[in-house]
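A look at the structure
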Amino acid sequence: MLQVKILALKKPQRYAVRRTVMAAYWQLQNDVALPPLQIEEFTTSTEIMRYTPVTVYPSLVINERLVCVGRFPKKEEVLSWLRDAFEALTATINQVTRR
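Core analysis: the largest hydrophobic core is formed by 20 residues, its most contacted members being Val 4, Val 21, Leu 60, Ile 62, Val 78, Trp 81 and Leu 82. Of all elements in the fold, only β1 (2-7), α1 (11-31), β3 (59-62), β4 (65-68) and α3 (75-98) reach the threshold of two or more residues within this core. Ranked by the residues each element gives to this core, the list is headed by α3, at six residues. Every residue in contact with Val 4, bar those within four places of it in the chain, is listed here: Val 21, Leu 37, Gln 38, Ile 39, Glu 40, Leu 60, Val 61, Ile 62 and Leu 82.

Right, here's the structure in full:
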């Protein structure tokens, strides 16, 4: 499963980032059979500060890796991050099954 965490205090910021993530996921889904996507939204300063001190603008975490801080990511960037996360997940699964 690909886990995405959207960190933002304001709902419109979370909505914009969520739409970008979903658009990138569906585009990538056309090329590769991706695992399900789980999106969580972190909405309080306390939750957000576990990942970054930047709370004014949105940040993005994919599979526990902080990939974007304090700005709105572009769809092309999210595509790349999701692809990297999928490849890392696949590599981990392959290592486990070889044992």
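Mapping Thr 44 onto the fold places it in the loop between β2 (37-42) and α2 (45-48). Take Thr 44: its relative accessible area is 36%, and that puts it in the partly exposed class. Sequence-wise, Thr 44 and Pro 12 are 32 residues apart; in three dimensions their C-alpha atoms are separated by 14 Å.

Glancing now at the sheet that holds β2. On the basis of which strands lie adjacent, the open sheet formed by four strands has the order β2-β1-β3-β4 and mixed pairing. Each of the sheet's edge strands pairs with one partner strand only, and the pair in question is β2 and β4. Neighbour to neighbour, the strand axes of the sheet diverge by 25° on average, direction disregarded. One ladder, built from three bridges, connects β3 with β4; its direction is antiparallel. Pairing of Leu 60 across the sheet is with Cys 68, part of β4. Most of the contacts of α1 go to β2, to which it runs at about 165°, and overall it touches β1, β2 and β3.

With that settled, consider the environment of Glu 64. Within the element layout of this structure, Glu 64 appears in the loop between β3 and β4. It is 7.6 Å that separates the C-alpha atoms of Glu 64 and Gln 3, two residues lying 61 residues apart in sequence. Contact partners of Glu 64, with chain neighbours within four places excluded, come to Lys 5 and Tyr 51. Separated by 2.3 Å, the side chains of Glu 64 and Lys 5 make a polar contact.

Our focus in this paragraph is the pattern of salt bridges. Applying the stated rule across the entire model yields four salt bridges. Linking Arg 14 and Glu 41 is a salt bridge whose minimum nitrogen-to-oxygen distance equals 3.0 Å. In this pair, Arg 14 sits in helix α1 while Glu 41 sits in strand β2, placing the two residues 27 residues apart along the sequence. On the basis of relative accessible area, Glu 41 is assigned to the partly exposed category, the value being 31%. With its nearest N and O atoms 2.9 Å apart, the salt bridge here joins Arg 71 to Glu 77. Looking at Glu 77, the relative accessible area reads 23%, which means it is partly exposed. The structure contains a network of salt bridges with shared partners spanning Arg 14, Arg 18 and Glu 41.

Conventions and cut-offs
- Residues numbered from 1 in each chain as written.
- Predicted model: local features only at pLDDT ≥ 70, side-chain atom pairs only at ≥ 80, totals over all residues.
- Heavy atoms only, no water.
- Core = buried A, V, L, I, M, F, W, Y, C linked by side-chain atoms within 4.5 Å.
- Buried < 20%, exposed > 50% of the residue type's maximum accessible area, 1.4 Å probe, protein only.
- Helix = DSSP H or I, 4+ residues; strand = E, 2+ residues; numbered from the N terminus.
- Contact = heavy atoms within 4.5 Å.
- Pairing = 2+ DSSP bridges.
- Axes fitted to C-alpha atoms, helices over the stretch in contact; angles between N-to-C directions.
- Polar contact = N/O pair within 3.5 Å; in protein donor to acceptor, adjacent residues only side chain to side chain.
- Salt bridge = Lys/Arg side-chain N within 4 Å of Asp/Glu carboxyl O.

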